[in-house]
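Structure at a glance
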Amino acid sequence: MPRALVSVYDKTGVAEFCRGLVDLGYEIVSTGATARHLREAGVPVTEVSSLTGFPEILGGRVKTLHPAVHAGILADRANPEHQRELEERGIVPFDLVVVNLYPFREAVARGASEGETLEMVDIGGPAMLRAAAKNHRWVGVVTSPGDYAGVLEELRVRGSLSSSTRRHLAARAFAHTASYDSAIARWLEDELFPERLVLSFTLRQPLRYGENPHQRGALYTLDDEPGFAGSFRQLQGKELSFVNMLDAEGAWNAVLELARPACVIVKHTTPCGAALGASSAEAYSRALASDPVSAYGGIVAFNVEVDGEAATRVAEVFTEVVVAPGFSEEALGIFSGKKNLRLLLADPEKRGRREYRGIDGGLLVQEPDRGPDPQADMRVVTRREPSPEEWGDLLFAMAVCRAVKSNAIVLARERATVGVGAGQMSRVDSVKIAGAKAGERSRGAVMASDAFFPFRDGVDAAAEAGVTAVIQPGGSVRDEEVIAAADEHGMAMVFTGRRHFRH
């Protein structure tokens, strides 16, 4: 008679699964709470203590850590010596191990005390899973209720699990215990950059394609730090692509750094327009005015609920994705007419502690560049002080500038961008591009730069475009030359002392 060892915390569907196993001739061996659950459901079950000859002790901490259990899981059926030892000791091997683990992550998420959380560190469960997965040539290992139906069906059709299924289930078991251990390690370790950074990701969804249609792509979420990737919910629209995700995340992070209500429009991960407004509709219209050509096919992010008026305006322009913390019923009704438009509902509170970027064979990790620059560290370096209106625009421009690809230049006026220069190898070229985008709107605008000006030519180009005030980190060996240029043009200049490269 085949045997299944069943010990689960999540009892979803386990009674039905075990009833199906019994119908196939399996003996069910189980532990305390699981055995009670199965018995109450009318499933015949053998208590594991009857195998071990030892009761559960230490409040259930020790119940399956016994040779009678683990020898039954680990025995190599092709090894005569193993078979002889099992027979001598009266141990019957297991053909199936069905285990899921204590809800450690859930305990952390609900803010359980340290003592309660430690009680959710499973010991016997991972030991059984790893033993079964190691011996997968002979033992099937099931870690999720989602696998019950497929396993039962294959047992009914074939009489046993195929070697490929057992290997697949073993891989899932090892991944499951590795992810579980990573959560515990991350909970215990409070360093930002520990010596060994253990991360676990779960497949959230396949993507339409990668950066290009001939590339496959998928979205994985970091198990213990959901951030945007793990917290957004798609309300409508086509499947997301790799580029959609990059752009949506960039737009969302950018808009969260602005005062409310605000809107940011992103194209190829860089803002082409950003603005504050009295409402979501006004913020969108002002952001769109910055560069309506680039906004075509872009991603739009709001940091407030999207109302009907804003939805009407967004719907007039071809847009790939709209991401926001909320959508009014009227807005949802309007957007429903755009079947391909992707609507993403995101949570502003779910933001990751670290920023990760992959390189070939490695992972770059840093603190996110978030929060306003400390005004206490800013200093005016020119003869002219910025006016109150210029100060407001300078701070807004720098907040947007942090989301723009380096070399980054942002021209802004009345809390809206009028020109953006991004990703150039020369900073003066970024200034010229921003000025060209702005046209006459650069007259009376302010300028933010993500890094210092290495020469005065960038300031000269800004003055020619009509810029009246500049904010930048400072720190160049030619700072005095750059300051002198600003004074010559009657411009105000502020040094922040903080660089904002984004590559």
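Here is a short report on the structure shown in this document.

What counts and what doesn't
- Residues numbered from 1 in each chain as written.
- Predicted model: local features only at pLDDT ≥ 70, side-chain atom pairs only at ≥ 80, totals over all residues.
- Heavy atoms only, no water.
- Pairing = 2+ DSSP bridges.
- Helix = DSSP H or I, 4+ residues; strand = E, 2+ residues; numbered from the N terminus.
- Contact = heavy atoms within 4.5 Å.
- Axes fitted to C-alpha atoms, helices over the stretch in contact; angles between N-to-C directions.
- Phe/Tyr/Trp six-rings, centres within 6.5 Å; stacked < 30°, edge-to-face > 60°.
- Lys NZ or Arg CZ within 6 Å of the ring centre and 35° of its normal.
- Patch = residues over 30% accessible without salt bridge, like charges linked within 9 Å, V, L, I, M, F, W, Y side chains within 5 Å.
- Areas by Shrake-Rupley, 256 points an atom, 1.4 Å probe, with all protein chains shown as cover.
- Salt bridge = Lys/Arg side-chain N within 4 Å of Asp/Glu carboxyl O.
- Buried < 20%, exposed > 50% of the residue type's maximum accessible area, 1.4 Å probe, protein only.
- Arc of directions from axis to C-beta.

Strands sit in the order β16-β21-β20-β19-β17-β18 across an open sheet of six strands; the sheet is mixed. Two strands lie at the open edges of the sheet, namely β16 (379-380) and β18 (417-421), each paired on one side alone. Each of β16, β17 (409-412), β18, β19 (446-449), β20 (469-472) and β21 (492-495) is contacted by helix α17 (residues 388-401), which is oriented at about 35° to β19, the strand it contacts most.

So, about the sheet that holds strand β8 (residues 233-236). The six strands lie next to each other as β8-β13-β12-β11-β9-β10, forming an open sheet whose pairing is mixed. The open sheet is flanked by β8 and β10 (270-276), the only strands paired with a single partner. Strand-to-strand twist in this sheet, taken as the mean axis angle between neighbours without regard to direction, amounts to 20°. Two elements, strand β9 (residues 262-267) and strand β11 (residues 298-302), share four bridges in a ladder whose sense is antiparallel. When the sheet's bridge partners are listed, Val264 is paired in β11 with Ala301. In the packing of helix α13 (residues 280-290) onto the sheet, the strands contacted are β9, β10 and β11, and the crossing angle to β10 comes to about 135°.

Two aromatic rings are characterised by how far apart their centres lie and by the angle between their planes. Using the criterion set out here, one finds nine aromatic pairs in the structure. Here the aromatic cluster, defined as three or more aromatic residues joined through ring pairs, consists of Phe104, Tyr180 and Trp187. Across from the ring centre of Tyr9, 5.8 Å away, lies the NZ or CZ of Lys11, which sits over that ring. Over the ring of Phe232 we find Arg204, and its NZ or CZ is 4.0 Å from the ring centre.

Time to look at a nonpolar patch on the surface. Side chains of Phe201, Leu203 and Tyr220 sit close together on the surface and give an oily, nonpolar patch of about 310 Å² of accessible area. You can see Leu203 is positioned in strand β6 (residues 201-207).

This part is about helix α9 (residues 148-158). Along α9, the positions that sit buried rather than exposed are Tyr148, Val151, Leu152, Glu154 and Leu155. One face of α9 carries all of its buried residues, which in axial projection span an arc of 165°. Projecting away from the buried face of α9 at angles above 90 degrees are the exposed residues Ala149 and Val157. For α9, the elements touching its buried residues are β1 (3-8), α1 (14-23), β4 (96-100), β5 (140-142) and α10 (163-188). In the stretch just after α9, Gly159 is the one whose phi turns positive, near 90°.

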